[in-house]
Amino acid sequence: RLLWVRALLMRGEEEAAVEAAARLRAAEEKGGNPAGAMEAGMLRTRVLTNLGRADRALAELEAMHVVGSEATARREVRIAMCRVSLGEFTAAVRGADSLRARLPSLPTSSREEVGYGVAVVYHRAGRLREAAEVFDGVLANEQGESRALYFWRQSLFLRAVVALQR
């Protein structure tokens, strides 16, 4: 069901995606699946931010219950991204700095997602050197080779949407 919400988003049906994510989050909470509820909530807040409703997304993220350091980091980076979208640069950079220090302890997939968000916050706040350093650290493995798993995953979702529209 989360894939359907992503498909709606990729098809440009943002409002439908916001509502579908809310319904999915409620269903996951009712069904006792906090991880599924978090994923639906994270996607919903991303769409809200893209629609220019970062204030609403921020409120939902701050109220969101998450368990574990990985989930906490993912929520915190979304909060920092909302804050930078709202022009709260000092708070956003403070959050990004805290997350940057924790990046090495995160699993690879979360490190890429959180690192990308940290770099975006730095970029939007005009901290270009820090943004470049984080991008370099996140997108290269120990041998300096490119790790593009996160971006490939996004590409696969887009391909699925294109296939659905044919």
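See the structure printed just above.
1. Overview of the nonpolar core
Piece 1. Judged by nonpolar contacts, the single largest core of 23 residues is most densely connected at Val 5, Met 38, Leu 61, Met 64 and Cys 82.
Piece 2. When residues of this core are traced back to their parent elements, those giving at least two are helix H1 (2–10), helix H2 (14–30), helix H3 (34–50), helix H4 (54–63) and helix H5 (69–85).
Piece 3. Counting residues per element, this core draws most heavily on H3, which supplies six residues.
Piece 4. The residues touching Leu 61, leaving out its near neighbours within four places in the chain, are Met 42, Thr 45, Arg 75, Arg 78, Ile 79 and Cys 82.
Piece 5. In this structure, Ala 80, Met 81, Val 93 and Tyr 122 belong to the second largest nonpolar core, which totals 20 residues.

2. Describing H3
Piece 1. Here H3 spans 24 Å end to end across 17 residues, near enough to the 24 Å set by a 1.5 Å rise per residue.
Piece 2. With twelve of 17 residues buried, H3 is to be regarded as a mostly interior element.
Piece 3. Three or more residues of H3 are buried, namely Gly 36, Ala 37, Met 38, Ala 40, Gly 41, Met 42, Leu 43, Arg 44, Thr 45, Val 47, Leu 48 and Thr 49.

3. A closer look at H4
Piece 1. For H4, the complete set of buried residues consists of Ala 54, Ala 57, Leu 58, Glu 60 and Leu 61. Angularly, the buried residues of H4 cover 165 degrees about the axis, an arc narrow enough to put them on a single face. The exposed set on the far side of H4, more than 90 degrees from its buried face, consists of Asp 55 and Ala 63.
Piece 2. Where H4 is buried, its residues touch H2, H3 and H5.

Cut-offs used in this document
- Residues numbered from 1 in each chain as written.
- Predicted model: local features only at pLDDT ≥ 70, side-chain atom pairs only at ≥ 80, totals over all residues.
- Heavy atoms only, no water.
- Core = buried A, V, L, I, M, F, W, Y, C linked by side-chain atoms within 4.5 Å.
- Buried < 20%, exposed > 50% of the residue type's maximum accessible area, 1.4 Å probe, protein only.
- Helix = DSSP H or I, 4+ residues; strand = E, 2+ residues; numbered from the N terminus.
- Contact = heavy atoms within 4.5 Å.
- Expected span 1.5 Å × (residues − 1).
- Arc of directions from axis to C-beta.

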